[in-house]
Amino acid sequence: MESEIPNQLDKPYAKAWKEYRTHLNKIAYPVVSYFPAFFVFALASYFLVGDFFPGMMVAVAIWGSYAVYWGIRVIYWPCPRCGKRFRRIGVLTYAACAHCDLPKWAESPDD
Ligand SMILES: [Zn+2]
């Protein structure tokens, strides 16, 4: 059985990028599930209190706060090399760290 230690030494940033991908996925979950949940909450609210609005607002609050939380985590995600914020604020596409120019998805300092 091969040890994973040499692999981690070859790719010191791989774990950090895996965590970053997990953060990106956590933004996608509420986007995908929002509309079904919105209707379920609205219908449940209608049957419970006779109005769609309270359930709709509960769904917006839950799904919205979850997406905002993980969005902030992604925006302020630290660069694996320099530790400063990887993304520039207000820039949607980015290929490298805003501070040390580490390429996005680079798994070692040599990439
Ligand atoms: Zn950096």
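Quick note: structure is the one above.
No experiment lies behind these values; they were computed from the predicted model shown.

Participant: Help me understand helix α2 (residues 14-49) in this model?
Facilitator: Each turn of an α-helix holds 3.6 residues, which means side chains three or four residues apart point in the same direction. In this model α2 runs 50 Å from its N-terminal to its C-terminal C-alpha over 36 residues, within 8% of the 52 Å that 1.5 Å per residue would give. Residue Tyr34 marks the point of greatest curvature in α2, where the axis turns by about 50°; the proline Pro36 follows within four residues. Two residues or fewer after α2 comes Gly50, characterised by a positive phi angle close to 80°.

Participant: Would you explain unusual backbone geometry in this entry?
Facilitator: Of all residues except glycine, most have a negative phi; of all peptide bonds, most are trans. Despite not being glycine, Asp101 has its phi angle at roughly 65°, a positive value. One can find Asp101 in the segment after α3 (53-75). For Asp101, a count of 12 C-beta atoms within 10 Å puts it in the exposed group. Of note in this structure, Trp105 is not a glycine but carries a positive phi near 70°. Tracing the chain through its elements places Trp105 in the segment after α3.

Parameters and conventions
Residues numbered from 1 in each chain as written. Predicted model: local features only at pLDDT ≥ 70, side-chain atom pairs only at ≥ 80, totals over all residues. Helix = DSSP H or I, 4+ residues; strand = E, 2+ residues; numbered from the N terminus. Expected span 1.5 Å × (residues − 1). Bend = angle between axes of the 7 residues up to and from the residue. Buried ≥ 20, exposed ≤ 12 C-beta atoms within 10 Å, placed from the backbone.

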